[in-house]
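For reference, the chains in residue letters:
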Amino acid sequence: MRKVVVIGGGAGGMLAAGRAAECGARVVLLEKNSVLGKKLSITGGGRGNITNIAPIDALVAAFGAGGKFLYGAFNRFSNQDLRDLFLRLGVPTKVERGGRVFPESDRAGDAVAALERWIRGLSVDVRTGQRVQGLVAVDGHISGVRVYSGVIPADAAVLATGGVTYPKTGSTGDGYTMAAEVGHTVVTPVPSLSALEIREAWVGRLSGLSLKNVSAKLYSGQKKVAEEFGEMLFTHFGVSGPIILALSKTYAHLKDKSNVTLVINLKPAVSVEDLDARLVSDFVQPRLFKNYLPELLPRIMIPVFLELSGIPADESLNKIRAKDRKRIIELLTNFRLTVKRARSADEAIVTAGGVSIKEIDPRTMESKLVRGLFFAGEVIDIDAVTGGYNLQAAFSTGWVAGECAAQD
Ligand SMILES: Cc1cc2nc3c(=O)[nH]c(=O)nc-3n(C[C@H](O)[C@H](O)[C@H](O)COP(=O)(O)OP(=O)(O)OC[C@H]3O[C@@H](n4cnc5c(N)ncnc54)[C@H](O)[C@@H]3O)c2cc1C
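A. Up close: helix α5 (residues 108-121). Taking 1.5 Å of rise per residue, 14 residues should cover 20 Å, and α5 covers 20 Å from first to last C-alpha, within 8% of that figure. Regarding α5, the residues found buried are Ala 108, Ala 111, Val 112, Ala 114, Leu 115, Trp 118 and Ile 119. The buried residues of α5 occupy one face: seen down the axis, they fall within an arc of 165°. Turned more than 90 degrees from where α5 packs its buried face, Arg 117 and Gly 121 sit exposed.

Laid out in structure tokens, this is it:
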């Protein structure tokens, strides 16, 4: 009987362990925390956005450049297969806005508990509180896994240690070191899907402001590198919310982060010409500028907007000159913020970077360098936007890695 050791008891590791056991292997699962699935249990605000019903092409697209690597895994174990598995394990799921899938109970913890019951039911030897220190490879083949007390012999190992973000859940980047020690290239891990810190000090005065139906463009120098439409939020340090998290994925992958700006269009549904026409017709009134602004902007933005426009608050609308009107339109449609940096790994949702996909066989998740070594989940250099894609990737790669690790 083949012995498979799975390192890491998160989403990818639990699927790998369960599937390897189903395929007839003797499986040991080593998790350094005292419980399994610590990160999975806090996903989706504790509700667990476990996958997305999007077709495979769209799942792949959510990962950007490296997404094609996942075709094989998504085909082998799809989003529907995942929902079927959870149903079989007593966790029916439901679909929400944007195709996001959650447990019907709205509890990510139910998904964790079900997976743990499943793998224990398959006689997986679950050892918590066990931090793996390294891989043992002899003649280019895995022969064991090193823990504090010695070496656990293995015919195959699945490395499913996650990324470097939210380290309090256990993902502290150990897997990158282990993979590098046996010769793998690790693309520098950086936080992705995180809030962005902004240089302009006045953003703090907008803290708590939520903007809906705005567009935000990310520029590197003069070049537009990404654009999103939807909802964003100002915080005491900068900006956050769904469209910012989506843009932060592009930011994470930028090589030069020295001159990055975020340009917000507060009126994306109106053309500049129509906006100008509206202002021209309104600016015949003898009203004060400051009393007119609430028609254009959320109240909390007005003091900052007045400062940036340079137009006196008590200016009468009919005195505002064409040059200043242009400035108002510019601020409404190109509200410019300078990105200082992404929030730290402690707060980011996912890690960009990881074990190079060039060195992993996408059909099996096996290392091309070390026989018997398999990879699952975020330790691999793949990362997607929010929406359930990252967990689906961890589950699919875990399934494939477990199945292939169990085969001789
Ligand atoms: C707050 C938050 C919310 C999220 N929400 C969503 C969401 O709703 N939908 C979605 O798709 N994605 C979400 N994600 C991302 C998703 O959780 C991860 O992409 C996914 O959990 C990765 O799974 P994994 O199994 O690769 O790694 P992890 O879940 O991080 O599991 C890795 C495990 O390995 C263990 N480990 C690490 N090193 C060792 C070692 N040396 N020895 C033994 N064990 C070790 C860790 O303790 C950990 O339990 C969220 C992430 C965060 C932080």
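Continuing now.
B. A look at the domain arrangement of the protein. Taken as a whole, the protein is organised into domain 1 (3-189 + 351-406) and domain 2 (195-343). A separation of 40 Å is found between the C-alpha centroids of domain 1 and domain 2. Tallying the contact residues gives eight residues for domain 1 and five residues for domain 2. Summed over both sides, the interface between domain 1 and domain 2 buries roughly 400 Å², with carbon and sulfur atoms accounting for 66% of that surface. On the domain 1 side of the contact with domain 2, Asp 383, Val 385 and Thr 386 bury the most area, a combined 65% of that side's loss. The tally of links between domain 1 and domain 2 comes to one salt bridge. Of the charged contacts, one joins Asp 383 and Lys 249 as a salt bridge, the two residues approaching to 3.1 Å between their closest N and O atoms. Tallied by class, the residues present in the side of domain 1 that touches domain 2 amount to five nonpolar, two polar and one charged.

C. Spotlight on the sheet that holds strand β9 (residues 150-153). Sheet architecture is open: three strands sit in the order β7-β8-β9, paired in antiparallel fashion. Single-partner strands in this sheet number two, and they are β7 (132-138) and β9. Within this sheet the neighbouring strands show an average axis-to-axis angle of 35°, counted without direction. As paired elements, strand β8 (residues 141-147) and β9 share four bridges and run antiparallel to each other. Note on β9: the bridge partner recorded for Val 147 is Gly 150. Its contacts with the sheet place helix α6 (residues 174-181) against β7 and β8, and it is angled at close to 20° to β7.

Thresholds applied
- Residues numbered from 1 in each chain as written.
- Predicted model: local features only at pLDDT ≥ 70, side-chain atom pairs only at ≥ 80, totals over all residues.
- Heavy atoms only, no water.
- Helix = DSSP H or I, 4+ residues; strand = E, 2+ residues; numbered from the N terminus.
- Expected span 1.5 Å × (residues − 1).
- Buried < 20%, exposed > 50% of the residue type's maximum accessible area, 1.4 Å probe, protein only.
- Arc of directions from axis to C-beta.
- Domains from an automatic or database assignment.
- Contact = heavy atoms within 4.5 Å.
- Buried area = accessible area lost by both parts, 1.4 Å probe.
- Salt bridge = Lys/Arg side-chain N within 4 Å of Asp/Glu carboxyl O.
- Nonpolar A, V, L, I, M, F, W, Y, C, P; charged D, E, K, R; others polar.
- Pairing = 2+ DSSP bridges.
- Axes fitted to C-alpha atoms, helices over the stretch in contact; angles between N-to-C directions.

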